[in-house]
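So you can see what is in the structure, the chains are spelled out below.
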Amino acid sequence: MATPLSLSSLFTSRLNTTTPSSVFPIQRRRRIILVTSSAGGGKPTILVAEKLGQAGIDLLKKYANVDCSYDLSLEELCTKISLCDALIVRSGTKVGRDVFESSRGRLKVVGRAGVGIDNVDLAAATEYGCLVVNAPTANTVAAAEHGIALLTSMARNVAQADASIKAGKWMRNKYVGVSLVGKTLAVLGFGKVGSEVARRARGLGMHVITHDPYAPADRARAIGVELVSFEVAISTADFISLHLPLTAATSKMLNDETFARMKKGVRIVNVARGGVIDEEALVESA
Ligand SMILES: O=C(O)[C@H](O)COP(=O)(O)O
């Protein structure tokens, strides 16, 4: 299965000799690598299938023909892709086997402008010799800050109180919140976003534990976070924050069995992917 490279690494390093010959550095000083048009000679063609920042589009336009076409149906995407050397998507476009098949070998790279690559069929990309790259640090702080925003507003019932007051009610006793200070937060997934959430939660005076089989112990220690088993994480937490990719191993990781082992009244923040939680089980156990 293909391992996603980072977009920045694709653009800043030379590819090794096993890469397709149509990949070459065209701008040595900044070591930018782009993919040639298989039509030969001309600029490569990049399909941007979801909205990106204009600065990014302008940069691409210096080196490639850029087709910004949003909200394509699968059929439209499959038709266009046979004329494209590269495709850039966010999380809303499913890049499945059909897309690689339809490209008939012309598509050389799929750039995921973001972190999660669960919308790209990596096995099919590998079979069709197509690189998949992502931008793993692009939105780390935004996701961490959003996680903390949800954590604090959930603790203080901000959304419910806001809706209530907008409905003309004043129910301050109903929406009394809970303190975060001294409470235990379990961060599931101690990667880039999870670590930044943990760091911020420590600043709020929380006791932070984490479960992540790949987490470096020294990083956890440096932030003052305790590495624990999955069992300890879910059974001792007052709050749980999810920062996991959606894979076969993490799909429905929180399910009826795990909900049964959690503390009563535990609050969960999910800024990862919805599929990490079995939503039917969540509704049942709420
Ligand atoms: O995986 C990610 O980077 C985030 O979920 C953001 O996805 P987006 O590019 O669709 O906003």
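As the structure is a prediction and not an experimental result, all values here were calculated from the model.

A. Broad picture of the overall build of the protein chain. Summing up its helical and strand segments, the protein chain has 12 helices and 13 strands in all. The buried share among the 286 residues of the protein chain stands at 42%. Of all intrachain contacts in the protein chain linking residues separated by at least 6 positions in sequence, the fraction that spans at least 24 positions is 54%.

B. Expanded view of the site of the ligand. Around the ligand, the neighbouring residues are Arg90, Ser91, Arg112, Ala113, Gly114, Val115, Gly116, Asn139 and Arg273. Interatomic distance of 2.6 Å between a side-chain N/O atom of Arg90 and an oxygen atom of the ligand. In this structure, Gly116 approaches the ligand through a main-chain N or O atom, which is 2.8 Å from an oxygen atom. The protein chains hide 75% of the 310 Å² of surface that the ligand would expose on its own. Considered class by class, the residues forming the shell around the ligand number two nonpolar, four polar and three charged.

C. Broad picture of the pattern of salt bridges. According to the stated counting rule, one finds nine salt bridges in the structure shown. Note that Arg106 is salt-bridged to Asp85, the shortest N-O span being 3.1 Å. Of this pair, Arg106 sits in the loop between helix H4 (97–103) and strand E7 (109–112) while Asp85 is found in the loop between helix H3 (74–81) and strand E6 (86–89), placing the two residues 21 residues apart along the sequence. Given the relative accessible area of 0%, Asp85 is considered buried. Here Glu196 ties to Arg199 by a salt bridge, and the two come within 3.2 Å at their closest N and O atoms. Of the two residues, Glu196 and Arg199 both sit in helix H8 (residues 192–203), three residues apart, roughly one turn of that helix. A cluster of three or more residues bridged by salt bridges with shared partners is formed by Glu196, Arg199 and Arg200.

D. View of the environment of Asp162. Here Asp162 lies in helix H7 (residues 158–166). The partly exposed category is assigned to Asp162, whose relative accessible area is 34%. Taking the C-alpha atoms as reference, Asp162 lies 36 Å from Ala220; in sequence the two are 58 residues apart. Within polar-contact distance, the side chain of Asp162 engages the side chain of Lys166 at 2.8 Å.

E. Representation of the packing of helix H6 (residues 140–155) against H8. Remark: H6 packs on H8, axes separated minimally by 8 Å, with the N-to-C direction vectors making an angle of 45°. The angle between the axes of H6 and H8 places the two elements in the oblique class. Considering the relative orientation of H6 and H8, their crossing is right-handed. Each of Thr140, Val141, Ala143, Ala144, Glu145 and Ile148 in H6 lies in contact with H8, whose residues at this interface are Lys192, Val193, Glu196, Val197, Arg200 and Ala201.

F. Summary view of the UniProt feature "domain: D-isomer specific 2-hydroxyacid dehydrogenase NAD-binding" (unreviewed entry) in the protein chain. Taken from the UniProt record, the annotation "domain: D-isomer specific 2-hydroxyacid dehydrogenase NAD-binding" (unreviewed entry) applies to residues 148–284. In this annotation, residues 148–284 is assigned 40% helix and 15% strand; the end-to-end C-alpha distance for the span is 26 Å.

G. Here's a closer look at the confidence of the model for the protein chain. Residue-level pLDDT values for the protein chain average 89, and 86% of them are 70 or greater. Scored below 50 in pLDDT, residues 1–33 makes 62 contacts in the model with residues more than four places away or belonging to other chains. In the predicted assembly, ipTM is 0.96 and pTM is 0.84.

H. Here's a closer look at the sheet that holds strand E12 (residues 239–242). Pairing is parallel across the open sheet formed by five strands, whose spatial order is E11-E10-E9-E12-E13. Two strands lie at the open edges of the sheet, namely strand E11 (226–227) and strand E13 (267–270), each paired on one side alone. Taken together, the four bridges between strand E9 (residues 184–188) and E12 define a ladder with parallel strand orientation. Paired with Leu185 across the bridge in E12 is Phe239. With respect to the sheet, H8 is in contact with E9, strand E10 (207–211) and E12, its orientation differing from that of E9 by roughly 170°.

I. Seen up close, the pairing of strand E4 (residues 45–48). In E4, alternate side chains face the same way, and those of Thr45 and Leu47 on one face and Ile46 and Val48 on the other are all buried. Taken together, the four bridges between E4 and strand E5 (residues 65–68) define a ladder with parallel strand orientation. Residue pairing for E5: Leu47 is matched across the bridge by Asp67. The parallel pair E4 and E5, bridged by helix H2 (residues 54–63), forms a crossover whose chirality is right-handed. The sheet contact formed by E4 and E6 spans three bridges and is parallel. Following the sheet pairing, Val48 is matched in E6 by Ile88.

Parameters and conventions
Residues numbered from 1 in each chain as written. Predicted model: local features only at pLDDT ≥ 70, side-chain atom pairs only at ≥ 80, totals over all residues. Heavy atoms only, no water. Helix = DSSP H or I, 4+ residues; strand = E, 2+ residues; numbered from the N terminus. Buried < 20%, exposed > 50% of the residue type's maximum accessible area, 1.4 Å probe, protein only. Contact = heavy atoms within 4.5 Å. Near = heavy atom within 4 Å. Polar contact = N/O pair within 3.5 Å; in protein donor to acceptor, adjacent residues only side chain to side chain. Areas by Shrake-Rupley, 256 points an atom, 1.4 Å probe, with all protein chains shown as cover. Nonpolar A, V, L, I, M, F, W, Y, C, P; charged D, E, K, R; others polar. Salt bridge = Lys/Arg side-chain N within 4 Å of Asp/Glu carboxyl O. Axes fitted to C-alpha atoms, helices over the stretch in contact; angles between N-to-C directions. Parallel < 35°, antiparallel > 145°, perpendicular 65-115°, else oblique. Left-handed = near helix turned anticlockwise from the far one by under 90°. UniProt positions renumbered as here; feature names shortened; annotations may be inferred. pLDDT = per-residue confidence, 0-100. Pairing = 2+ DSSP bridges. Right-handed = clockwise from strand over helix to strand, strands pointing away.

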